[in-house]
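Chain residues, written in single-letter form:
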Amino acid sequence: LTYKVHPKSRAEPIRGVPLEKRPLEACIRDYDYLVFDYFATGAMLGLVSDKPVIYCDIGLRNLHEVFMKDLKTRCEYVKIDPDDLDPQAIKNRLSSALSSSKIYSNEEMRKYAFCESTEFSWTEIFWQLNSGKRINTA
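Criteria and thresholds
Residues numbered from 1 in each chain as written. Predicted model: local features only at pLDDT ≥ 70, side-chain atom pairs only at ≥ 80, totals over all residues. Heavy atoms only, no water. Pairing = 2+ DSSP bridges. Helix = DSSP H or I, 4+ residues; strand = E, 2+ residues; numbered from the N terminus. Axes fitted to C-alpha atoms, helices over the stretch in contact; angles between N-to-C directions. Phe/Tyr/Trp six-rings, centres within 6.5 Å; stacked < 30°, edge-to-face > 60°. Buried < 20%, exposed > 50% of the residue type's maximum accessible area, 1.4 Å probe, protein only. Contact = heavy atoms within 4.5 Å. Core = buried A, V, L, I, M, F, W, Y, C linked by side-chain atoms within 4.5 Å. Salt bridge = Lys/Arg side-chain N within 4 Å of Asp/Glu carboxyl O. Patch = residues over 30% accessible without salt bridge, like charges linked within 9 Å, V, L, I, M, F, W, Y side chains within 5 Å. Areas by Shrake-Rupley, 256 points an atom, 1.4 Å probe, with all protein chains shown as cover. Lys, Arg positive; Asp, Glu negative; His and termini not counted. Charge placed at Lys NZ, Arg CZ, Asp CG, Glu CD.

### What about the sheet that holds strand S5 (residues 76-79)?
Okay, step 1: Across the sheet, which stays open at both edges, the three strands sit in the order S3-S4-S5 with parallel pairing between neighbours. The sheet is open, and its two borders are formed by strand S3 (34-36) and S5, each paired with just one other strand. Between one strand and the next, the sheet's axes are offset by a mean angle of 15°, whatever the strand orientation.
Okay, step 2: In the sheet, strand S4 (residues 53-57) pairs with S5 via four bridges, with the strands oriented parallel. Residue Cys56 lies in a different strand from S5, and its bridge partner there is Val78.

Given below as structure tokens:
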């Protein structure tokens, strides 16, 4: 197990655990599994990769229900209540997620990573994400 620290993190590293300091895009190929507990750029990079992903939802992001459905199609989803942290229960849930034989696909993530047009357009992206309903972007 290697701990990948966020580039802007000020937290102390976990003692006795190897620490990865390279940018995720530089080291992602070196790992067998990816485990995220916070949804940001790194998590999205993991979701569009070919790596198995475990997402530990600690409740810091309020994700849209459609994205949540797609997320659960892509990776093992583990809900963790920060107000009730039981280390043994978390260990058991992560062990179960690591040993899962469920087959996942990153195909649903495609719509969050690619635009249909040859030119970048926020309007196009919002239009696609809203099932074809045009919305004001001004």
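Okay, back to it.
### Digging into the packing of aromatic side chains
Okay, step 1: Within the structure shown, the criterion is met by four aromatic pairs.
Okay, step 2: Taken together, a centroid distance of 6.1 Å and an interplanar angle of 80° make the contact between Phe39 and Tyr55 edge-to-face. Taken as a pair, Phe39 in the loop between S3 and helix H2 (41-47) and Tyr55 in strand S4 lie far apart in primary sequence, 16 residues in all.
Okay, step 3: Centroid distance Phe39 to Phe67: 5.2 Å. Interplanar angle 75°. Geometry classified as edge-to-face. On the criterion of sequence distance, the pair formed by Phe39 in the loop between S3 and H2 and Phe67 in helix H3 (residues 65-74) is long-range, its members being 28 residues apart. For the pair shown, Phe39 and Phe67 are each scored as buried.

### Here's the deal with the environment of Cys75
Okay, step 1: Here Cys75 shows up in the loop between H3 and S5.
Okay, step 2: For the pair Cys75 and Ile103, spaced 28 residues apart in sequence, the C-alpha separation works out to 8.9 Å.
Okay, step 3: If we skip the residues at most four places from it in the chain, Cys75 touches Leu47, Val53, Tyr55 and Tyr104.

### Concerning the nonpolar core
Okay, step 1: Core analysis: the biggest nonpolar cluster contains 17 residues, and Phe36, Phe39, Leu47, Tyr55, Leu63, Phe67 and Leu71 have the highest contact counts within it.
Okay, step 2: Within the residue set of this core, elements represented by two or more residues are helix H1 (24-27), S3, H2, S4 and H3.
Okay, step 3: Setting aside anything within four residues of it in sequence, one finds Tyr55 in contact with Phe36, Asp37, Tyr38, Phe39, Leu63, Leu71, Cys75, Glu76, Tyr77 and Val78.
Okay, step 4: Formed by five residues, the second largest nonpolar core is a distinct cluster that contains Ile54, Val78, Ile80 and Ala97.

### Here's the deal with the environment of Pro82
Okay, step 1: Structurally, the position occupied by Pro82 is in the loop between S5 and helix H4 (87-98).
Okay, step 2: Through-space distance from the C-alpha of Pro82 to that of Leu60 is 9.7 Å; in sequence the pair is 22 residues apart.

### Considering the pattern of salt bridges
Okay, step 1: Tallying each qualifying case throughout the model produces five salt bridges.
Okay, step 2: With a closest N to O distance of 3.0 Å, Lys111 and Asp70 form a salt bridge. With a gap of 41 residues between them, Lys111 in helix H5 (residues 110-113) and Asp70 in helix H3 connect regions that are remote in the sequence.
Okay, step 3: Assessed through its relative accessible area of 37%, Lys111 is described here as partly exposed.
Okay, step 4: Close ionic contact of Glu108 with Lys111 constitutes a salt bridge, the shortest N to O distance being 3.4 Å.
Okay, step 5: Beyond isolated ion pairs, a larger network of salt bridges with shared partners links Glu20, Arg22 and Asp30.

### Overview of a negative patch on the surface
Okay, step 1: A cluster of acidic residues, Asp81, Asp83, Asp84 and Asp86, forms a negative patch on the protein surface.
Okay, step 2: Summarising the element assignment, Asp83 is placed in the loop between S5 and H4.
Okay, step 3: For Asp83, a relative accessible area of 75% gives the class exposed.

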